[in-house]
Amino acid sequence: MNGVGSAARVAIIALLLIAGCAAISSVTGGDPMLAAEVASASLIAIWLAQVTRAARRALIHARRLSIRSREASVSGTTVRILADPAPVAFVSGLFRPRIYLSPSLIDILDDRELRGVLLHEGHHRTTLAPLRSLVLEAWRHTLGWLPPVRRALLARLAALEIEADAAAVAEGVRPATLASALLKCDPHSPAAASAFSTAAEVRISELVAWGRTERAGRHRSLPLEWAAPATAAVALLACHLVGV
């Protein structure tokens, strides 16, 4: 039944796209360049609407987390202590992300594991990972019905997590230490539900591989979350210039 439902959704979307293209072509008098401009502008508008909606929810969530937590210094790092019974660590906030830890996680981690977690989350904070994750989620809602797009978005989320692990390893944290800390965290806690995806299985696989080679590079993947709207904008400009 799920397969039939998915096929039906794809068929409906395909028909809507065909109808939309036909409507745009009719409005533009059959001008392919103008039709491409309208299509690109529509895609960007839909994506921006998704970003705006998600940003509003994220800001409300971050405000609630701030109220429910207290500031503290853990191993020299300023964090927010969240009253959550589950062992969690995550970052929240769009432009000024904060690191959130639960007392239960601090209790079960040793000093090396705690340092690894703080370095990992610190990388997310300095690279504005929550904002980048939000952008990816907006693309998921816009084009996630396309399997290749969905796979690319999931891969990008995992890549951002692996980059944070690589940054911690580059600071001297052993991969096995990070893997141990990861296994002690609870990615299913309601408090962390809207935080950045942990991609736990992929992370552990990478950490095991690094542990075997005793080295890990700083992973740098293409910024797909920004490349997509930039590409659409360039295409829109190019179609406009060609049509002039």
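Relevant structure appears above.
Because the structure is predicted, anything quoted here is derived from the model rather than measured.

Caption draft 1: Seen up close, the pairing of strand β2 (residues 77-82). Within β2, five of the six residues are buried, which leaves the element mostly enclosed by the surrounding structure. Where strand β1 (residues 69-74) meets β2, six bridges bridge the pair, whose relative direction is antiparallel. Considered in β2, the bridge of S69 is made with L82. Hairpin connection of β1 to β2: two residues between the antiparallel strands, including S75 at a positive phi of 55°. Relative to strand β4 (residues 98-101), β2 runs parallel, the two sharing two bridges. Counted as the bridge partner of I81 is L101 from β4.

Caption draft 2: Examining helix α6 (residues 147-170) more closely. Taking 1.5 Å of rise per residue, the 24 residues of α6 would be expected to cover 34 Å, and the 34 Å separating its terminal C-alpha atoms lies within 8% of that figure. After α6 finishes, the residue G172 shows a positive phi value of roughly 105°.

Caption draft 3: Structural view of the packing of helix α5 (residues 129-143) against α6. As a packed pair, α5 and α6 sit with axes 9 Å apart at the nearest point and diverge in direction by 170°. In terms of orientation, α5 lies roughly antiparallel with respect to α6. Touching R132, S133, L136, E137, W139, R140 and L143 of α5 are V149, L153, R156, L157, L160 and E163, all from α6. Its residues assigned to classes, the contact of α5 with α6 comprises seven nonpolar, one polar and five charged.

Caption draft 4: Highlighting the packing of aromatic side chains. One pass over the structure, following the stated rule, counts two aromatic pairs. Judged by centre distance (5.2 Å) and plane angle (20°), the rings of W47 and W139 are stacked. With W47 in helix α2 (residues 32-67) and W139 in helix α5, this pair connects stretches of sequence that are 92 residues apart. Look at W47 and you get buried, because its relative accessible area is 7%. Ring centres of F90 and Y100 lie 5.5 Å apart, and the angle between their planes is 15°; this geometry places the pair in the stacked category. Taken together, the positions of F90 in strand β3 (residues 89-92) and Y100 in strand β4 put the pair 10 residues apart, joining distant regions of the chain. A relative accessible area of 4% places F90 in the buried class.

Caption draft 5: Geometry of empty space enclosed by the protein. A full pass over the atoms with the stated rule returns one cavity of 30 Å³ or more. H123, H124, T127, A129, R132, L160 and E163 together form the lining of the largest cavity. Those elements that provide at least two residues to the lining of the largest cavity are α4 (111-126), α5 and α6. A breakdown of the residues in the lining of the largest cavity according to their chemical character gives two nonpolar, three polar and two charged.

Caption draft 6: Seen up close, the pattern of salt bridges. Scanning the model with the defined rule gives five salt bridges in all. E161 is the salt-bridge partner of R203, the closest N and O atoms lying 3.6 Å from each other. A residue pair is termed long-range when its members are at least 10 positions apart, and R203 in helix α8 (residues 200-213) and E161 in helix α6 qualify at 42 residues. One salt-bridge network, held together by shared partners, links E161, D165 and R203.

Rules of the game
- Residues numbered from 1 in each chain as written.
- Predicted model: local features only at pLDDT ≥ 70, side-chain atom pairs only at ≥ 80, totals over all residues.
- Heavy atoms only, no water.
- Buried < 20%, exposed > 50% of the residue type's maximum accessible area, 1.4 Å probe, protein only.
- Helix = DSSP H or I, 4+ residues; strand = E, 2+ residues; numbered from the N terminus.
- Pairing = 2+ DSSP bridges.
- Expected span 1.5 Å × (residues − 1).
- Axes fitted to C-alpha atoms, helices over the stretch in contact; angles between N-to-C directions.
- Parallel < 35°, antiparallel > 145°, perpendicular 65-115°, else oblique.
- Contact = heavy atoms within 4.5 Å.
- Nonpolar A, V, L, I, M, F, W, Y, C, P; charged D, E, K, R; others polar.
- Phe/Tyr/Trp six-rings, centres within 6.5 Å; stacked < 30°, edge-to-face > 60°.
- 1 Å grid on protein atoms, 1.4 Å probe; cavity = no way out; pocket = protein on both sides within 12 Å on 5 of 7 lines; lining within 4 Å.
- Points joined across faces, edges and corners; volume = space filled by probe spheres on them.
- Salt bridge = Lys/Arg side-chain N within 4 Å of Asp/Glu carboxyl O.

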